[in-house]
Amino acid sequence: MNRVYVCSCFGITEQQVRKHAEGGACTPRQIASACKAGTDCGSCVRRIQALLGRGACPRRELVEQGESVLAELDEAA
């Protein structure tokens, strides 16, 4: 399987970042909370931003409308 690593420090792949984005993580900080990517040396933060900027976050529209995405995620848990 071809794995493209985004975060070498924690071994996080593009696929994992996309999975967290599908789960509601729309910012690099939310990705960091989900899997620690970007919290050590920081060299991957721009790459994470680029991945998220390509529409990887289906919940971004809710955030822009002022909806509470975190409350929705808490209810689903």
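Cut-offs and rules
- Residues numbered from 1 in each chain as written.
- Predicted model: local features only at pLDDT ≥ 70, side-chain atom pairs only at ≥ 80, totals over all residues.
- Heavy atoms only, no water.
- Helix = DSSP H or I, 4+ residues; strand = E, 2+ residues; numbered from the N terminus.
- Buried < 20%, exposed > 50% of the residue type's maximum accessible area, 1.4 Å probe, protein only.
- Contact = heavy atoms within 4.5 Å.
- Areas by Shrake-Rupley, 256 points an atom, 1.4 Å probe, with all protein chains shown as cover.

### Observations regarding the overall build of the protein
- Along the protein, the regular secondary structure elements total 5 helices and 2 strands.
- N-terminal to C-terminal, the α/β element order of the protein is β-β-α-α-α-α-α.
- Expressed as a percentage of the 77 residues in the protein, the buried residues total 29%.
- Sequence separation of 24 or more characterises 49% of the internal contacts of the protein that already satisfy a separation of 6 or more.
- For the protein, the exposed area adds up to about 5400 Å²; of that, 46% sits on carbon and sulfur atoms.

### With respect to the environment of Ala32
- As for its position among the elements, Ala32 is in helix α2 (residues 28–35).
- Overall, Ala32 belongs to the buried group, its relative accessible area being 17%.
- Taking the C-alpha atoms as reference points, Ala32 and Val45, separated by 13 residues in sequence, lie 9.2 Å from one another.
- When neighbours within four sequence positions are excluded, Ala32 is seen to be in contact with Ala37 and Thr39.

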